[in-house]
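Per-entry structural report
Listed below, chain by chain, are the residues.
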Amino acid sequence: MAIFAGLLVLLVAAPFFLYPIFVMKILCFALFACAFNLLLGYGGLLSFGHAAYFGMASYVSAHAAKVWGLTPELAIISGTLVAALLGLAIGALAIRRQGIYFAMVTLAFAQMVYFFSLQASFTGGEDGIQAVPRGMLFGLIDLRSSEALYFLVLAIFFVGILLIYRVIHSPFGQVLKAIRENEPRAISLGYRVNRYKLMVFVLSAMLAGLAGATKAIVFQLASLTDVYWTMSGEVVLMTLIGGMGTVFGPIIGAAVIVTMQNYLATFGAWVTIIQGAIFVITVMLFREGIIGVIAKWIRKPL
């Protein structure tokens with residue numbers, strides 16, 4: 001709880017020292033990475049298609065705000081619910097496979113979502129949905145103000161992180177860890193493994209959608225980049241660099257990746273190569289990720 005309190009104080013002060021939009025981007029992708037980590041780090045399920053939920057929620061949220069004229073909170077909720085339903089549909093089929101087959105099934109479905117987004121009329125095709133209005137939160141707070149928008153994003157981020165923390169430390173989370181460590185034994189103990197897998201899959205998709213829907217309002221844009229397979233690769237990278245199976249690792253991983261993309265943009269295509277080099281170095285020196293190694297040093301879970 002002390003770490004959560006310190007993180008909250010740090011993030012409240014951040015916009016006074018850093019560009020608020022930059023910090024909001026980190027928060028959105030940190031929530032996305034934490035959602036993915038819930039599936040991989042605690043459920044033991046490697047998905048290569050999480051961009052489908054992030055991107056589709058982004059499109060739905062942007063469309064709801066711009067075309068339907070919904071308020072930002074309703075637009076974000078709409079995108080999140082669509083991501084959860086999409087996760088339910090894909091997860092119900094994907095969990096029938098294990099290992100690399102599960103990963104490839106999720107990738108295949110994500111590519112189907114990408115091509116649907118490319119062809120569907122409401123997504124705007126290659127142009128995406130631009131100039132998304134931020135609107136008035138609850139009809140009272142003008143989100144055109146960067147300060148008001150920042151604290152909304154901060155609230156969403158913290159609600160998501162606290163929910164993940166509660167799930168991890170609940171009986172449900174303990175069963176997930178048991179399934180990750182030894183699935184046959186969990187089955188022998190009478191647990192309906194597929195039901196638990198589907199539940200964590202849907203929860204992870206929903207939180208990824210929450211991050212994508214919020215990101216669309218922040219940047220007033222939903223594009224094919226959000227739903228492309230490289231986005232799924234980036235969230236894997238964030239999770240592994242920060243520390244898979246840790247609460248705070250994906251946050252650090254997202255901050256590292258977003259910071260590199262922002263400050264190394266002048267290098268053009270070389271940014272990807274630099275990211276790859278940093279990833280290799282991290283895997284070689286920090287096998288458990290940055291936070292994973294720190295947790296090992298201090299002998300306390302983070």
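Predicted model, so just to flag it, every value in this text is computed and none were measured.

1. Details of the overall build of the protein chain
In terms of regular secondary structure, the protein chain is built from 13 helices and four strands. Compactness check: the protein chain gives a C-alpha radius of gyration of 19 Å against a globular reference of 19 Å for 302 residues, within 12% of the reference. Each of the three principal axes of the protein chain carries a C-alpha extent, and together these read 55 × 40 × 40 Å. In the protein chain, which comprises 302 residues, the proportion classed as buried is 51%. Sequence separation of 24 or more characterises 77% of the internal contacts of the protein chain that already satisfy a separation of 6 or more. Total accessible area on the protein chain stands at roughly 14,400 Å², and carbon and sulfur atoms take up 69% of it. One finds the centroid of the 18 positive side-chain charges in the protein chain at a distance of 14 Å from the centroid of its 10 negative side-chain charges.

2. Overview of the side chain of His-50
With respect to the helices, strands and loops of the structure, His-50 is situated in the loop between α2 (20-42) and α3 (51-66). Reaching out from His-50, the side chain makes a polar contact with the side chain of Ser-47 at a distance of 3.3 Å. At 2.7 Å, the side chain of His-50 and the side chain of Ser-204 are in polar contact. With near-sequence residues (within four places) excluded, His-50 lies in contact with Phe-32, Phe-36, Leu-39, Ser-204, Ala-205, Ala-208 and Ser-232.

3. Thoughts on the packing of aromatic side chains
Aromatic ring pairs are defined here through the distance separating the ring centres and the angle between the ring planes. In this structure the tally under the stated criterion is 16 aromatic pairs. Here the aromatic rings of Tyr-114 and Phe-115 are separated by 5.2 Å at their centres, their planes lie at 70°, and the arrangement is edge-to-face. Since its relative accessible area comes to 14%, Tyr-114 is described here as buried. Judged by centre distance (5.5 Å) and plane angle (85°), the ring pair of Tyr-150 and Phe-151 falls under edge-to-face. An aromatic cluster is defined as three or more aromatic residues linked by ring pairs; in this entry it consists of Phe-4, Phe-157, Phe-158, Tyr-165 and Phe-248.

4. Notes on the side chain of Ser-47
Among the structural elements, Ser-47 can be located in the loop between α2 and α3. There is a polar contact of 3.2 Å between the side chain of Ser-47 and the backbone nitrogen of Gly-49.

5. So, the environment of Met-199
For Met-199, the location among the structural elements is in helix α9 (residues 193-219). A C-alpha to C-alpha distance of 9.9 Å links Met-199 and Leu-39, two positions 160 residues apart in sequence.

6. Overview of a nonpolar patch on the surface
Together, Val-280, Ile-281, Met-284, Leu-285, Phe-286, Ile-294, Trp-297 and Ile-298 line one region of the surface with nonpolar side chains, adding up to about 840 Å² of accessible area. Going through the elements one at a time, α12 (270-285) and α13 (290-298) are the ones with two or more residues in the nonpolar patch. Tallying contributions element by element places α12 first for the nonpolar patch, with four residues. Within the element layout of this structure, Met-284 appears in helix α12. Residue classification places Met-284 among the exposed residues on the basis of a relative accessible area of 62%.

7. A few points about the environment of Ser-47
Given a relative accessible area of 1%, Ser-47 falls into the buried group. In this structure the C-alpha to C-alpha distance between Ser-47 and Phe-279, which are 232 residues apart in sequence, comes to 19 Å. Sequence-distant contacts of Ser-47, defined by excluding residues within four places in its chain, comprise Phe-36, Leu-39, Phe-102, Thr-106 and Val-236.

8. Looking at the environment of His-63
Structurally, the position occupied by His-63 is in helix α3. Classification of His-63 as buried rests on a relative accessible area of 15%. Between the C-alpha atoms of His-63 and Ala-84, which are 21 residues apart in sequence, the distance is 17 Å. Ignoring sequence-local partners within four residues, the contact set of His-63 consists of Trp-68, Phe-122 and Ile-129.

9. Re the packing of helix α6 (residues 146-168) against α9
Geometry of a packed helix pair, given as the angle between the helix axes and the separation of the axes. Between α6 and α9, the shortest axis-to-axis distance is 11 Å and the interhelical angle comes to 175°. As far as their axial angle goes, α9 and α6 are roughly antiparallel. Taking contact as the criterion, the partners of Leu-149, Val-153, Ile-156, Gly-160, Leu-163, Ile-164 and Val-167 in α6 are, on α9, Leu-203, Leu-207, Leu-210, Thr-214, Ile-217 and Val-218. Partitioned by chemical class, the residues of the contact of α6 with α9 number eleven nonpolar, two polar and no charged.

What counts and what doesn't
- Residues numbered from 1 in each chain as written.
- Predicted model: local features only at pLDDT ≥ 70, side-chain atom pairs only at ≥ 80, totals over all residues.
- Heavy atoms only, no water.
- Helix = DSSP H or I, 4+ residues; strand = E, 2+ residues; numbered from the N terminus.
- Rg over C-alpha atoms; globule rule 2.2 N^0.38 Å.
- Buried < 20%, exposed > 50% of the residue type's maximum accessible area, 1.4 Å probe, protein only.
- Contact = heavy atoms within 4.5 Å.
- Areas by Shrake-Rupley, 256 points an atom, 1.4 Å probe, with all protein chains shown as cover.
- Lys, Arg positive; Asp, Glu negative; His and termini not counted.
- Charge placed at Lys NZ, Arg CZ, Asp CG, Glu CD.
- Polar contact = N/O pair within 3.5 Å; in protein donor to acceptor, adjacent residues only side chain to side chain.
- Phe/Tyr/Trp six-rings, centres within 6.5 Å; stacked < 30°, edge-to-face > 60°.
- Patch = residues over 30% accessible without salt bridge, like charges linked within 9 Å, V, L, I, M, F, W, Y side chains within 5 Å.
- Salt bridge = Lys/Arg side-chain N within 4 Å of Asp/Glu carboxyl O.
- Axes fitted to C-alpha atoms, helices over the stretch in contact; angles between N-to-C directions.
- Parallel < 35°, antiparallel > 145°, perpendicular 65-115°, else oblique.
- Nonpolar A, V, L, I, M, F, W, Y, C, P; charged D, E, K, R; others polar.

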